[in-house]
Amino acid sequence: TLSDEQAAQVRQWIDGGGTLCIDAAGGSQAAAQASAAMVKQIFPQEVLRPLASSDGIISGRNLPGGAHNNRRVEYRYYALRQMGPTSSPRLQVILADQRPALIYSPEDLTAGLAGLEHWGIFGYSVESARKLTTNIVLSVLADPQ
């Protein structure tokens with residue numbers, strides 16, 4: 001949780017050109033609810049929207065070397081058992097001046113980045129988590145701000 005002062009400081013940093021990426025680590029329902037509440041606290045007047053498939057984070061377009069096409073991703077078997085078959089990324093975003101200021105994933109990216117293969121993690125496969133996160137970092141580096 002964030003105090004009101006902490007949420008205001010994060011918002012000030014984002015308004016100054018920062019980009020915040022939040023995921024529901026492990027993908028648990030409690031983590032998703034807590035992280036969504038933080039997003040609402042930082043941006044009380046904004047609504048998360050699906051990140052467009054044309055955005056560089058998904059498509060890999062207009063990003064510096066090493067970008068990935070993430071239009072099709074893999075989810076962990078545990079997540080697919082609950083969601084049903086899908087291969088579309090489900091990242092959400094709040095835009096500021098047409099740039100992703102806050103990127104939110106209700107599915108786990110963190111355990112994927114760490115290479116954890118444990119059962120019970122609701123999120124992206126290790127490879128897809130790493131590719132999505134690579135593009136998130138490259139999009140921040142490509143941002144002229």
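Residues numbered from 1 in each chain as written. Predicted model: local features only at pLDDT ≥ 70, side-chain atom pairs only at ≥ 80, totals over all residues. Heavy atoms only, no water.

## A word on the packing of aromatic side chains
Note on aromatic pairs: each is described by the distance of the centres and the angle between the planes. By the definition in use, this model includes three aromatic pairs. Relative to Tyr 124, the ring of Tyr 75 has its centre 4.7 Å away and its plane inclined at 25°; by these criteria the two rings are stacked. Of this pair, Tyr 75 sits in the loop between α3 (56–59) and α4 (77–83) while Tyr 124 sits in the loop between α5 (110–113) and α6 (126–142); the two residues are 49 residues apart in sequence, bridging distant segments of the chain. Their ring planes at 45° and their centres at 6.0 Å tell us that Tyr 77 and Trp 119 sit as a pair that is tilted. Residue Tyr 77 is located in helix α4, and its partner Trp 119 is located in the loop between α5 and α6; the two are separated by 42 residues in the primary sequence. Side by side, Tyr 77 and Trp 119 carry an identical accessibility label, which is exposed. (Phe/Tyr/Trp six-rings, centres within 6.5 Å; stacked < 30°, edge-to-face > 60°. Helix = DSSP H or I, 4+ residues; strand = E, 2+ residues; numbered from the N terminus. Buried < 20%, exposed > 50% of the residue type's maximum accessible area, 1.4 Å probe, protein only.)

## Some details on the pairing of strand β4 (residues 99–105)
In terms of residue burial, β4 counts as a mostly covered element, since seven of its seven residues are buried. With five bridges connecting them, strand β3 (residues 92–96) and β4 associate as antiparallel partners. When the sheet's bridge partners are listed, Gln 92 is paired in β4 with Tyr 104. Joining the antiparallel neighbours β3 and β4 is a turn of two residues, in which Asp 97 adopts a positive phi near 55°. (Pairing = 2+ DSSP bridges.)

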